[in-house]
Amino acid sequence: MWALRQASNPVRNRVFSIGASRVCCAKSEIASTYLDDKADISEPSLLLFDRCFLLKKYYHATHAFPKFSVWRHHFSSEASAKSSGEEDGLEDGFSELETSATADVGREITDNGNEDELISEPEFSSDDEVEGGNLESRSQNELELSDTETVVSEKKPDSKRVPSELFKAVMAAPGLSIHNALDKWVEEGKELSRAEISLAMLNLRKRRMYGRALQLYEWLETNKQIDFVERDYASRLDLIAKIRGLQKAEQYIEKIPQSFRGEVIYRTLLANCVATSNVKKAEQLFNKMKDLEFPITSFACNQLLLLYKRIDKKKIADVLLLMEKENVKPSLFTYRILIDTKGQSNDITGMDQIVETMKDEGIEPDISTQALIAKHYISGGLKEKAEAVLKEMEGSNIRENRGACRALLPLYAALGKADDVGRLWKVCEANPRLDDCMAAIEAWGKLKKIEEAEAVFDRMVKTWKKLASRHYSALLKVYANHKMLTKGKDLVKRMADSGARIGPLTWDALVKLFVEAGEVEKADSVLQKAAHQNQLRPMFCSFMAIMDQYAKRGDVHNSEKIFHRMRQAGYVARARQFQALVQAYINAKAPAYGMRERMKADNIFPNKTLASQLVLVDAFRKTAVSDLLD
């Protein structure tokens, strides 16, 4: 396990202490919360390296070996204050792992019924109707399914394409309440089996129609139409957290019968804490799960890894150490998180070591993981290595391996290989799938071949009767990236006329369209009106696109306004937001009174970039000139 600790915190000649504020090793007994009082273990890290090969690869040390003092293994959201050290200068945000690539993962997981690989949703989504949703910020994957939903997924991989009469009835009902439609369904003596309910629920979740899904669960529970089991309660809990927030979800747990209040319930809430980047609640919940003597699973650990990848990469090594001590085997998703962390830090050597370790453990990278590796090779300028991975993804016959085209098209475009994009599109063109078309639009857009992207979109319109908002958004993003404001506006009008649902994903493309055209105030106005009219939460990156522009101008007032609106929308404060806000003060040449106190209140500890910014806006900073004047 030690292989993975290397990602972001090279070891220096110092004692590295994992104290009360960091995750630590526990006894082998899961029920134990603390080590014995005298269990202050101090040993050369070389011994740990020998025991934990994976962590060794992650935390590859080139300096003298430090000592490790292991105290207790609770998490504390205040850990960063003393232990995180200097953060890298990277601004935190969401990578491909948490966006388009993870949308594939979500579908793959749902089909296979593998709940342990499910991850929480970032702040934007690429799915049908989020228009409501990245896996939260890219597609919010189904977090927990009921027993029947899982069975349907396992036995019928194509069940999401099977029409559900109950789903149609729910969709036809007025949006504010579907209860009357459900009462009528029962009165007419129609089937209300678990299989029918599960198909309806899967279709609603696939379209991110969480409100209707929650109403369906509420009606089922109130009318005692089915006997709820733990996964039914977990699924309802997940929907409450998504729609009404974590506090309401916590309150609902108290109403769940004690016999059904198991590990699945708490890890469902944990994943939603991670989805909102609520570090404090996530850590408290993880500790509570240990106090309740639930087993420490790869699912729960993966949630923390995903959270710390965004918020505090220094804590990743601690989670890995805990996994090693509790004998929790890394899953494919564990490796994917670590590969992405290495790639984001431009540590390609470290990334390769993680991949090597993964293969040594008998886990072969799937298409999504290979695409992630290739993306980081491209970002690092290693084109030959990227091409080798792409050829491996293609296989010997791309026509037989057609499923790889969706990932390959934008990657070849990123390498500037128009011929390969054209070659792959010809493979798809005879019998295109919607995902193939969207990937082709993205690829042609990257290559600045707007006409080809439009031709693919026109093919989509002719082939399918009705397109969802995400299909329009694919071309809208191309227009935004190339500052084609007029075409973008026309496409949005066309989208509205078609009846496609317009939500956060479309708003994000519109915001970027206006921002790229230099119309920041218009982008701000569009986002505010859209959110108010639709009562849906805009994506994190939509707010940040506007805030960054205000910061560049030194517009402190509007930067603070966006910061406040993000808090109102439910986004927990992050270093990324404070970086933009402080930059506004810097560009305005104005002091930022109380900024450090504000950050401390939000449990944000400055990384290297933010610390250097704060010095510039410190109203009480002493300089040589000020000393003379004093």
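Definitions and limits used
- Residues numbered from 1 in each chain as written.
- Predicted model: local features only at pLDDT ≥ 70, side-chain atom pairs only at ≥ 80, totals over all residues.
- Heavy atoms only, no water.
- Helix = DSSP H or I, 4+ residues; strand = E, 2+ residues; numbered from the N terminus.
- Areas by Shrake-Rupley, 256 points an atom, 1.4 Å probe, with all protein chains shown as cover.
- Salt bridge = Lys/Arg side-chain N within 4 Å of Asp/Glu carboxyl O.
- Buried < 20%, exposed > 50% of the residue type's maximum accessible area, 1.4 Å probe, protein only.
- Phe/Tyr/Trp six-rings, centres within 6.5 Å; stacked < 30°, edge-to-face > 60°.
- Core = buried A, V, L, I, M, F, W, Y, C linked by side-chain atoms within 4.5 Å.
- Contact = heavy atoms within 4.5 Å.
- Expected span 1.5 Å × (residues − 1).
- Polar contact = N/O pair within 3.5 Å; in protein donor to acceptor, adjacent residues only side chain to side chain.
- pLDDT = per-residue confidence, 0-100.
- Patch = residues over 30% accessible without salt bridge, like charges linked within 9 Å, V, L, I, M, F, W, Y side chains within 5 Å.
- Lys, Arg positive; Asp, Glu negative; His and termini not counted.
- Charge placed at Lys NZ, Arg CZ, Asp CG, Glu CD.
- Disulfide = S-S within 2.5 Å.
- Axes fitted to C-alpha atoms, helices over the stretch in contact; angles between N-to-C directions.
- Parallel < 35°, antiparallel > 145°, perpendicular 65-115°, else oblique.
- Left-handed = near helix turned anticlockwise from the far one by under 90°.

With that out of the way, let us pick up the overall build of the protein. A count of helices and strands for the protein gives 33 helices and four strands. When the accessible surface of the protein is totalled, it reaches about 27,000 Å², and 50% of it is carbon and sulfur.

Moving on to the pattern of salt bridges. Within the structure shown, the criterion is met by 31 salt bridges. The shortest N-O distance in the salt bridge between Asp347 and Lys342 comes to 2.6 Å. Accessibility expressed as a relative area gives 22% for Asp347, which makes it partly exposed. A salt bridge links Arg423 to Glu394, with the shortest nitrogen-to-oxygen separation between them at 2.8 Å. Of this pair, Arg423 sits in helix α21 (residues 418-429) while Glu394 is found in helix α19 (residues 383-394), placing the two residues 29 residues apart along the sequence. Glu394 sits in the buried class, given a relative accessible area of 6%. When salt bridges that share partners are traced, they join Glu218, Glu221, Arg236 and Arg244 into one network.

The subject of this paragraph is the packing of aromatic side chains. Going through the model one piece at a time under the given rule, you end up with eight aromatic pairs. With 5.6 Å between their ring centres and 40 degrees between their planes, Tyr266 and Phe294 make a pair best called tilted. Here Tyr266, found in helix α12 (residues 263-275), pairs with Phe294, found in the loop between α13 (279-291) and α14 (298-311); they are 28 residues apart in sequence, far enough to count as distant. Owing to a relative accessible area of 6%, Tyr266 belongs among the buried residues under this scheme.

Across soluble globular proteins, nonpolar side chains show a tendency to be buried alongside one another. One finds Leu220, Ile441 and Met595 to be the most contacted residues of the largest nonpolar core, which totals 165 residues. Ignoring sequence-local partners within four residues, the contact set of Ile441 consists of Ala453, Val456, Phe457, Met460, Ala474, Leu475 and Val478.

Turning to helix α29 (residues 556-568), a few remarks are in order. An ideal rise of 1.5 Å per residue puts 18 Å on 13 residues; α29 measures up with 18 Å between its terminal C-alpha atoms. Within α29, the full set of buried residues consists of Val556, Asn558, Ser559, Ile562, Phe563, Arg565 and Met566. Its buried side turned inward, α29 meets α27 (520-534), α28 (540-553), α30 (575-588) and α31 (595-601). Measuring from the side-chain oxygen of the N-cap residue of α29 to the backbone nitrogen of His557 gives 3.4 Å; that N-cap residue is Asp555. One or two positions beyond α29, positive phi appears at Gly570, with a value near 105 degrees.

We now examine the confidence of the model for the protein. Overall, the prediction assigns the protein a mean pLDDT of 76, with 72% of residues at 70 or greater. Across the protein, helix α20 (residues 405-414) holds the top mean pLDDT of 96, while strand β3 (residues 41-44) sits lowest at 28. Taken as a whole, residues 6-53 scores under 50 in pLDDT and shows 152 contacts with residues more than four places along the chain or in a different chain. This model gives residues 625-630 a pLDDT under 50, and the stretch forms three contacts once residues within four places in sequence are excluded.

Moving on, we come to a positive patch on the surface. Side chains of Lys489, Lys493, Lys522 and Lys529 sit close together on the surface and give a patch of like positive charge. If you list the elements that add at least two residues to the positive patch, you get α25 (485-498) and α27. With respect to the secondary-structure elements, Lys489 resides in helix α25.

Throughout the structure, instances matching the rule amount to zero disulfides. Here Cys405 is not cross-linked by a disulfide; its sulfur's nearest cysteine counterpart is in Cys428, at 3.7 Å. For Cys405, a relative accessible area of 0% corresponds to the buried category.

On to the environment of Ala530. With respect to the secondary-structure elements, Ala530 resides in helix α27. Of the residues examined, Ala530 reaches a relative accessible area of 9% and is grouped as buried.

A few words on the packing of α12 against α13. The N-to-C vectors of α12 and α13 enclose an angle of 165 degrees; their axes lie 9 Å apart at closest approach. One element, α12, and the other, α13, form an angle in the roughly antiparallel class. Of the two possible hands of crossing, α12 and α13 adopt the one that is left-handed. Contacts from Glu263, Tyr266, Arg267, Leu269, Leu270, Cys273 and Val274 of α12 reach α13 at Lys281, Ala282, Leu285, Phe286, Lys288 and Met289.

Let us now look at helix α17 (residues 348-360). In a regular helix each residue adds 1.5 Å, so 13 residues correspond to 18 Å; α17 covers 18 Å between its end C-alpha atoms and thus fits that length. Along α17, the residues classified as buried are Ile348, Gly350, Met351, Gln353, Ile354, Val355, Thr357 and Met358.

This next bit is on the environment of Asp366. Along the chain, the position of Asp366 falls in the loop between α17 and α18 (367-379). The class of Asp366 is buried, set by a relative accessible area of 16%. Residues Asp366 and Met393 lie 27 residues apart in sequence; the distance between their C-alpha atoms is 8.9 Å.

All right, on to the packing of α30 against helix α32 (residues 608-616) then. Each pair of packed helices can be described by the angle between their axes along with the distance between the axes. Direction vectors running N to C along α30 and α32 enclose 30 degrees, while the axes themselves pass 10 Å from each other. Taken as axis vectors, α30 and α32 run roughly parallel relative to one another. Crossing angle aside, the handedness with which α30 passes α32 is left-handed. Of the residues in α32, those in contact with Ala575, Phe578, Gln579, Val582, Gln583 and Ile586 of α30 are Thr609, Leu610, Gln613, Leu614 and Leu616.

Right, let's get into unusual backbone geometry. The backbone of Lys448 shows a phi angle near 65 degrees, a positive value even though the residue is not glycine. Within the fold, Lys448 resides in the loop between α22 (434-446) and α23 (450-463). We classify Lys448 as exposed; its relative accessible area is 65%. The residue Asn603 is not glycine, and still its phi comes out positive at about 60 degrees. Relative to the elements of secondary structure, Asn603 occurs in the loop between α31 and α32.

Turning our attention to the environment of Glu250. Along the chain, Glu250 turns up in helix α11 (residues 246-253). For the pair Glu250 and Ile240, spaced ten residues apart in sequence, the C-alpha separation works out to 9.4 Å. Setting aside its immediate chain neighbours within four residues, Glu250 contacts Leu269 and Lys281.

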